[in-house]
Amino acid sequence: MSVSDQMVNPTFTRPPEQTKTGRIALITGASSGIGRDMARELFRRGCSLILVARREDRLLGLKQELLARPVRAGQSVQIIASDLARAENCYALFSQVKGQNVDILINNAGFGLFGPFSEAPLQEELRMIDTNVRAVHILTKLFLQDFCKRNSGYLLNVASAAAFLPGPLLAGYYASKSYVLRLSEAIYEELRRSGSRVSVSVLCPGPVRTEFDSVAGVRFSVKGLSSARVARCAIDGMFAHKLVITPGALMKCVRVAQRLAPEKVLLRACWHMQKRKGNA
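Residues numbered from 1 in each chain as written. Predicted model: local features only at pLDDT ≥ 70, side-chain atom pairs only at ≥ 80, totals over all residues. Heavy atoms only, no water.

Side note on the overall build of the protein chain
Counting its regular elements, the protein chain contains ten helices and nine strands. The burial tally for the protein chain puts 51% of its 280 residues in the buried class. For the protein chain, long-range pairs separated by at least 24 residues make up 73% of all intrachain contacts whose partners lie at least 6 apart in sequence. Carbon and sulfur atoms make up 54% of the accessible area of the protein chain, which amounts to about 13,400 Å² in all. (Helix = DSSP H or I, 4+ residues; strand = E, 2+ residues; numbered from the N terminus. Buried < 20%, exposed > 50% of the residue type's maximum accessible area, 1.4 Å probe, protein only. Contact = heavy atoms within 4.5 Å. Areas by Shrake-Rupley, 256 points an atom, 1.4 Å probe, with all protein chains shown as cover.)

Structure, rendered in structure tokens:
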């Protein structure tokens, strides 16, 4: 087994933990897609939730849906409408919840833009980078410092299978997800070497049936997994202390192919794959 294989598929000395009632999970991008389904999954397992997204009406609807279910003693749902593309909102979010002893942080908010790099609108690209990279970096830093002081906590950053590949026609999005993957892996190793009990995971799904397609202006040529399935896989992997979580057999095959193929071959293959998305 190579060094890179050992980093991606580590052998954990700690056994998988069962979900404990009373945990508090904060999820960004919780108004739709994977974030919404992770909220449903964690609430079903007994966690209280702090749900963050730009669209307050969507959050209110999700809160009402969750609280209409059987609720365990002490379970609650808090919603915070905030645009995390603005750095000051990231700091404000942490200040607002830091006294609640959040146990789980899920950085899920993000979006993509399709088109040639030379033609993509710069301001939208910068907003994407602010959401996909800067917000993840700020919130990871602030919450991780608290987790380290308590020597407990779960961090789950949502990247993408795009993080493993070059992304012509979605260049900024692929690059942003590579940042999330490598940041998470580096933090994992730092914590492992220090003996910390803080758990770090990164979710790298392939195509998922969410609103991503319409926002990015693409259609996947491969049928995506349901966001509910990906959410369950993500939560199971997080509580099992898995570093890189890749739902579905197809994405595991992509990982193998990515390691074997020459870089220029990958570039050409990815360009044709992305081109089909735009023409679909």
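After that view, the rundown keeps rolling.
A short note on the sheet that holds strand S9 (residues 244-245)
For sheets, the rule is that strands pair by backbone hydrogen bonds, running either parallel or antiparallel. Here seven strands make up an open sheet; going across it, the order is S3-S2-S1-S4-S5-S6-S9 and the pairing parallel. The open sheet terminates on both sides in strands that have one partner only, identified here as strand S3 (77-81) and S9. Note: strand S5 (residues 154-158) against strand S6 (residues 199-203), five bridges, orientation parallel. Looking across to S6, one finds that Asn157 is bridged to Val202. (Pairing = 2+ DSSP bridges.)

Some thoughts on empty space enclosed by the protein
As enumerated under the stated definition, the model contains two cavities of 30 Å³ or more in all. As for the largest cavity, its lining consists of Leu113, Phe114, Gly115, Pro116, Phe117, Ala120, Glu125, Met128, Leu170, Ala171, Gly172 and Tyr173. Counting residues per element, the ones that place at least two in the lining of the largest cavity are helix H5 (122-150) and helix H6 (171-194). At three residues, the largest contribution of residues to the lining of the largest cavity is made by H6. Quantified by volume, the second largest cavity comes out at close to 30 Å³. For the second largest cavity, the full set of lining residues is Thr28, Leu84, Asn107, Asn108, Ala109, Thr131, Ala135, Val136 and Leu139. Taken together, the residues of the lining of the second largest cavity sort by class into five nonpolar, four polar and no charged. (1 Å grid on protein atoms, 1.4 Å probe; cavity = no way out; pocket = protein on both sides within 12 Å on 5 of 7 lines; lining within 4 Å. Points joined across faces, edges and corners; volume = space filled by probe spheres on them. Nonpolar A, V, L, I, M, F, W, Y, C, P; charged D, E, K, R; others polar.)

A look at the nonpolar core
Soluble globular proteins tend to bury their nonpolar side chains together. With 46 residues, the main nonpolar core has Leu26, Ile50, Leu93, Val97 and Phe143 as its most contacted residues. Broken down by secondary-structure element, the contributors of at least two residues to this core are strand S1 (24-28), strand S2 (48-53), helix H4 (87-97), H5, H6 and S6. The element contributing the most residues to this core is H5, with nine residues. Not counting residues up to four positions away in its chain, the partners in contact with Leu93 are Leu26, Val52, Ile80, Leu84 and Leu139. (Core = buried A, V, L, I, M, F, W, Y, C linked by side-chain atoms within 4.5 Å.)

Brief notes about the packing of helix H2 (residues 33-44) against helix H3 (residues 56-67)
H3 packs onto H2 with a crossing angle of 25° between their chain directions and a minimal axis gap of 11 Å. Taken together, the axes of H2 and H3 lie roughly parallel to each other. Crossing hand, H2 versus H3: right-handed. Contacts from Arg36, Ala39, Arg40 and Phe43 of H2 reach H3 at Leu62, Glu65, Leu66 and Leu67. When the residues that make up the contact of H2 with H3 are grouped by side-chain class, the tally is five nonpolar, no polar and three charged. (Axes fitted to C-alpha atoms, helices over the stretch in contact; angles between N-to-C directions. Parallel < 35°, antiparallel > 145°, perpendicular 65-115°, else oblique. Left-handed = near helix turned anticlockwise from the far one by under 90°.)

Focus on H5
Between the first and last C-alpha of H5 there are 41 Å, a value that for 29 residues agrees with the 42 Å anticipated at 1.5 Å per step. The largest bend along H5 reaches roughly 35° and is located at Asp130. (Expected span 1.5 Å × (residues − 1). Bend = angle between axes of the 7 residues up to and from the residue.)

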